[in-house]
Amino acid sequence: MPTTAETRHDRVFAALASPVRREVLRMLREEGPQPVSSLAGRFAMARPSFSEHLRVLREAGLVSERRAGRQRLYRLEPVPLHEVQEWLGPFERFWRERLAGLRDVLDRMEDTDERDDIS
C-alpha cells in the first residue's frame with residue numbers, strides 16, 4: 001500500500017500530466033494569483049471542464065483558492081513541486097553520471113580516431 005508521500009506524489013504527477021494544468025501553473029508562476037475568470041478565459045473549453053482542472057490542481061496541493069468578494073483567486077503552491085523535485089534528484093544524478101561516462105567514452109574515441117588519421 002502506498003505511503004502518504006507516495007500518494008501525494010501520485011496526485012502531483014497525475015495533475016502535471018495535463019498540458020492545460022501545466023499551463024495554469026505556468027501562468028500562476030509568471031503572473032501571480034489570478035481570479036478563476038482570468039484563468040478560464042485563456043482556454044477554449046467549457047467552464048465546468050476548466051473547473052475540473054482546477055479541482056485536480058487543488059487536490060494535488062499545487063494551487064490554493066481564496067475568496068475575495070465575489071471572486072475566487074487561485075495562487076501557485078510550490079511545496080508539492082519541491083517535494084517532487086527532491087524525489088527526482090537521484091534520477092537526475094543517475095543520468096548526469098551516465099552522460100558524463102558517455103562523454104568520456106566519446107572523448108577517448110576521438111583521441112583514437114585522431115591517432116589513426118595520423119598514421
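The notes below deal with the structure included here. (Residues numbered from 1 in each chain as written. Predicted model: local features only at pLDDT ≥ 70, side-chain atom pairs only at ≥ 80, totals over all residues. Heavy atoms only, no water.)

1. Observations regarding the overall build of the protein
Each helix and strand in the protein was counted, giving five helices and three strands. The burial tally for the protein puts 26% of its 119 residues in the buried class. Taking contacts inside the protein between residues at least 6 apart in sequence as the whole, the part at least 24 apart equals 50%. (Helix = DSSP H or I, 4+ residues; strand = E, 2+ residues; numbered from the N terminus. Buried < 20%, exposed > 50% of the residue type's maximum accessible area, 1.4 Å probe, protein only. Contact = heavy atoms within 4.5 Å.)

2. Notes on the pairing of strand β2 (residues 63–68)
Pairing analysis gives six bridges linking β2 to strand β3 (residues 71–76), with the strands arranged antiparallel. Looking across to β3, one finds that Ala68 is bridged to Gln71. Between β2 and β3, which pair antiparallel one after the other, the connecting turn spans two residues, and Gly69 there sits at a positive phi close to 70°. (Pairing = 2+ DSSP bridges.)

3. A word on the nonpolar core
Within the largest apolar cluster, 21 residues are counted, with the highest numbers of intra-cluster contacts made by Phe50, Leu54 and Leu57. Taken together, the elements giving at least two residues each to this core come down to α1 (4–16), α2 (19–31), α3 (36–40), α4 (47–59) and β3. Considering each element in turn, this core owes the most residues, five residues, to α2. With residues up to four places along the chain from it excluded, the contact list for Phe50 reads Val20, Val24, Val36, Leu39, Ala40, Phe43 and Met45. (Core = buried A, V, L, I, M, F, W, Y, C linked by side-chain atoms within 4.5 Å.)

4. Observations concerning the side chain of His9
Counting through the fold element by element, His9 comes out in helix α1. Residue class for His9 comes out buried when judged on its relative accessible area of 14%. Leave out the neighbours within four places in its chain, and His9 touches Glu83, Val84 and Trp87.

5. Observations regarding α2
Across its 13 residues, α2 extends 18 Å between first and last C-alpha, which sits within 8% of the 18 Å expected from 1.5 Å per residue. Listed as buried for α2 are Val20, Arg21, Val24, Leu25, Met27 and Leu28. Summarising the axial view, the buried residues of α2 lie within an arc of 160°, below the 170-degree limit, and thus occupy one face. Structural note: α2 exposes Pro19 and Arg29 on the side pointing more than 90 degrees away from its buried face. Among the residues of α2, the N-terminal cap falls to Ser18, whose side-chain oxygen and the backbone nitrogen of Val20 are separated by 3.2 Å. Looking at the residues trailing α2, positive phi occurs at Gly32, about 80°. (Expected span 1.5 Å × (residues − 1). Arc of directions from axis to C-beta. Polar contact = N/O pair within 3.5 Å; in protein donor to acceptor, adjacent residues only side chain to side chain.)

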